[in-house]
Amino acid sequence: MTNGSLSALSWHARFLGETPGDEVVGGRQRQVPGKCWSKATPTPAPEPRLALWSTEMAETLGLERSDETGVVLGGGEPAPGMQPYAQRYGGHQFGNWAGQLGDGRAITLGEVKTEEGFLELQLKGAGLTPYSRTADGKAVLRSSIREFLCSEAMHHLGVPTTRALSLVTTGEAVVRDVLYNGNPAPEPGAVVCRVAPSFIRFGSFQIHVSDGHHETLRTLVDHTVRHHFPHHDARTDDGLVAWLTEVAESTATMIAHWMRVGFVHGVMNTDNMSIHGLTIDYGPYGWLEPYDVDWTPNTTDAGRRRYRYGHQPHIGAWNVARLLESMAPLMEDKSRLQPILDHSMEFAMNAQSETWAEKLGLGTLEEADEALVNDLLALLGATEVDMTLFFRHLCSISEPDIGHLSDAFYEGSEPDTSAWKAWLDRWWKRVDGKPDREGMRRANPKYVLRNWMAQLAIDAAEEKGDFSIAEELHELLKRPYDEQPEHEEKWFQKRPEWARHRVGCSMLSCSS
Ligand code: AMP
Ligand code: MG
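Values in this document were obtained by computation on a predicted structure and should not be read as measured data. (Residues numbered from 1 in each chain as written. Chains lettered and ligands numbered in written order. Predicted model: local features only at pLDDT ≥ 70, side-chain atom pairs only at ≥ 80, totals over all residues. Heavy atoms only, no water.)

### Details of the site of ligand 1
Of all residues adjacent to ligand 1, which total 17 residues, the nearest are Gly-102, Gly-104, Arg-133, Gly-137 and Asn-272. Within the backbone of Gly-104, an N or O atom sits 2.7 Å from an oxygen atom of ligand 1. For ligand 1, an oxygen atom lies 3.3 Å from a polar atom in the side chain of Asp-281. In isolation ligand 1 has 480 Å² of accessible area, and contact with the protein removes 82% of it. Of the residues in the shell around ligand 1, the class split is three nonpolar, six polar and eight charged. (Near = heavy atom within 4 Å. Polar contact = N/O pair within 3.5 Å; in protein donor to acceptor, adjacent residues only side chain to side chain. Areas by Shrake-Rupley, 256 points an atom, 1.4 Å probe, with all protein chains shown as cover. Nonpolar A, V, L, I, M, F, W, Y, C, P; charged D, E, K, R; others polar.)

### Overview of helix α8 (residues 312–327)
Here α8 is 16 residues long and its end C-alpha atoms lie 23 Å apart, about the 22 Å a rise of 1.5 Å per residue gives. Across the 16 residues of α8, twelve count as buried, placing the element largely inside the fold. All of the buried residues along α8 are Gln-312, Ile-315, Gly-316, Ala-317, Asn-319, Val-320, Ala-321, Arg-322, Leu-323, Leu-324, Ser-326 and Met-327. Structurally, α8 contributes buried residues whose contacts are with β5 (90–93), α5 (202–211), α6 (214–228), α7 (237–261), β11 (263–264) and α9 (338–359). (Helix = DSSP H or I, 4+ residues; strand = E, 2+ residues; numbered from the N terminus. Expected span 1.5 Å × (residues − 1). Buried < 20%, exposed > 50% of the residue type's maximum accessible area, 1.4 Å probe, protein only. Contact = heavy atoms within 4.5 Å.)

### Digging into the pattern of salt bridges
Under the defined criterion, the tally for this structure stands at 38 salt bridges. Among the ionic pairs, Arg-30 bridges to Asp-22, the shortest N-O distance being 2.5 Å. Between Asp-281 and Arg-194 there is a salt bridge, with the nearest N and O atoms lying 2.8 Å from each other. Of the two residues, Asp-281 is situated in the loop between β11 and β12 (286–287) and Arg-194 in strand β10 (residues 185–196); the sequence distance between them amounts to 87 residues. According to the relative accessible area criterion, Asp-281 is buried, its value standing at 15%. Of the residues examined, Arg-194 reaches a relative accessible area of 2% and is grouped as buried. (Salt bridge = Lys/Arg side-chain N within 4 Å of Asp/Glu carboxyl O.)

### What about the packing of aromatic side chains?
Inspection of the entire model under this criterion finds 19 aromatic pairs. Here Phe-205 and Trp-243 contribute two aromatic rings whose centre-to-centre distance is 5.9 Å and whose plane-to-plane angle is 70°, an arrangement assigned as edge-to-face. One end of the pair, Phe-205, is in helix α5; the other, Trp-243, is in helix α7, with 38 residues separating them in the sequence. Per residue, the accessibility class of Phe-205 equals that of Trp-243, and both read buried. Where Trp-258 meets Phe-263, the ring centres are 5.5 Å apart and the plane angle is 65°; that geometry is what we call edge-to-face. Considered together, Trp-258 and Phe-263 belong to a single accessibility category, that of buried residues. A network of ring pairs unites the aromatic residues Tyr-291, Tyr-309, Trp-356, Phe-390, Phe-391, Phe-409 and Trp-420 as a single cluster. Across the ring face of Trp-318, the terminal group of Arg-306 is positioned such that the distance to the ring centre comes to 4.6 Å. The aromatic ring of Phe-391 is capped on one face by Lys-359, whose charged end is 4.4 Å from the ring centroid. (Phe/Tyr/Trp six-rings, centres within 6.5 Å; stacked < 30°, edge-to-face > 60°. Lys NZ or Arg CZ within 6 Å of the ring centre and 35° of its normal.)

### Thoughts on unusual backbone geometry
Of note in the backbone geometry, Arg-305 takes a positive phi value of approximately 55° without being a glycine. Backbone geometry places Asp-432, a non-glycine residue, at a positive phi of 60°. With respect to the helices and strands, the residue Asp-432 is situated in the loop between α12 (417–430) and α13 (437–443).

### With respect to the side chain of Thr-216
Within the secondary structure layout, Thr-216 lies in helix α6. For Thr-216, the residues in contact, after removing those within four places along its chain, are Pro-20, Gly-34, Cys-36 and His-208.

### Some details on the domain arrangement of the protein chain
Parsing the protein chain into structural domains produces domain 1 (6–200) and domain 2 (362–434). If you average the C-alpha positions of domain 1 and of domain 2, the two centres end up 43 Å apart. (Domains from an automatic or database assignment.)

### Looking at the state of the cysteines
Between two cysteines, a covalent bond joining their sulfur atoms is known as a disulfide. Scanning the entire structure with this criterion turns up zero disulfides. Of all cysteine sulfurs in the structure, the one in Cys-505 sits closest to Cys-150, which takes part in no disulfide; the separation is 14 Å. For Cys-505, a relative accessible area of 3% corresponds to the buried category. (Disulfide = S-S within 2.5 Å.)

### A look at the side chain of Ser-506
Following the sequence through the fold, Ser-506 ends up in the segment after α16 (485–491). You can call Ser-506 buried: its relative accessible area is 19%. Among residues more than four places away in sequence, those in contact with Ser-506 are Trp-295, Pro-297, Ala-499, Arg-500 and His-501.

### Re the nonpolar core
Leu-167, Phe-205, Val-221, Trp-243, Trp-287, Phe-390 and Trp-427 are the most contacted members of the largest nonpolar core, which totals 115 residues. Tallying contributions element by element places α7 first for this core, with eleven residues. Here this core spans two domains, and each of domain 1 (6–200) and domain 2 (362–434) adds at least three residues to it. Once you skip the residues sitting within four places of it in the chain, Leu-167 turns out to touch Arg-49, Leu-50, Ala-51, Leu-52, Leu-141, Ser-144, Ile-145, Phe-148, Ala-190, Val-191, Val-192 and Phe-467. Core analysis: the second largest hydrophobic core is formed by 24 residues, Met-57, Ala-58, Leu-109 and Val-191 among them. (Core = buried A, V, L, I, M, F, W, Y, C linked by side-chain atoms within 4.5 Å.)

This is how it looks when you write it as structure tokens:
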């Protein structure tokens, strides 16, 4: 046991010890009613190579980078102290109850006690579990790079999120039909190790109500509140209401951050909603480049656009409603649930207003600000304007002149100059010609993980095994609010033309 190795960490298994689990270890895909987990063993990668590493996350854990660590984080034999398992949960997918889902390609290695509290380490893409249904339990390199880079970028943007520790390429080909159009092809495989206080989801609770296993629900709620929300008492209606209010608020806060930075999750199913209000399960997510409330990166959702940018706060509330419903069996007075939802919607609306006020440097909200914001959003929607460039340039504008913002407009998209002038004059008057520039810069990142930036990193890694662009982006996005003038020319740019219709940039599928 060497210092800095996985086996030297302080491993715990609180979730396994306190919630009911499957008697069968590993085994075929199956239903496991009444249980919260099944033990499962990761499948070792044939040729593990540790390609990406988060030094900060590793420091928090007390871990040093080494090839041996890479082997374990690529699905190799678990280190002493780990007790790997797959979590069982259900979920509403695209608005419909989907029954048992569970960790089909995620395997938790265990919980590590750190100075910042307990952290769960989970491999994504390390092979089959009882919850893999008809799929293979694997993950491809492109989606693993996207998860690694985006979760780290979100953390540094100040958006609540799960973290990433490592990305290991497996040396194994994984077959995927990227566009679901009958063209399956082999792609390189990878495993990401992600980290969070827990990976408990809204769907983790829902499944037990659907099964009618209220005792398991009770046990899981007790476990969750005791360890993750110890300031609440899950045994009383008052305590449950206070806990659920906190969950609803943190969910709304997380989504307000998404709106602020232009992030579209893409698959806000209830199985992808963390009980901690963390952004979780990076799949066909995307970043707004031209501001467009109707945009969704997810091709699977292109028809109904349920998870489009502008709909995210509403979906957050819908998901909270499903969580609240699932708590009804535990409440003596069930009528106390509805007010939590009402409060959560009001809280979400306020969080949105405050977000736009911060982005525009308005300070304390005034009566007329709602119209000012709405009129801006209408103007932004009417032309092709890059969201990140627009707001960042607005932070340093010296007079209310559209000329200072022209760089944000996409070619061929002519702004209505008199309408813009009128709006800019209003804003300028509102901020007294002295916008809170520093405050605005803290709300409006200069660098985000634009869809095409991730794609450039993926192309280099897939074609040449070259992770230098991924590393460059990982570094760049550790300081997204800093000017970093040396990176401006390359990364503080509108979407290039080649990316407009490129798969992976403008559209993504769940096939990952
Ligand atoms: P997602 O929408 O990606 O969060 O996944 C929904 C469900 O499908 C979860 O239960 C996942 O574990 C499962 N899943 C997704 N991809 C795979 C895969 N390649 N192998 C096994 N299960 C998967
Ligand atoms: Mg998921």
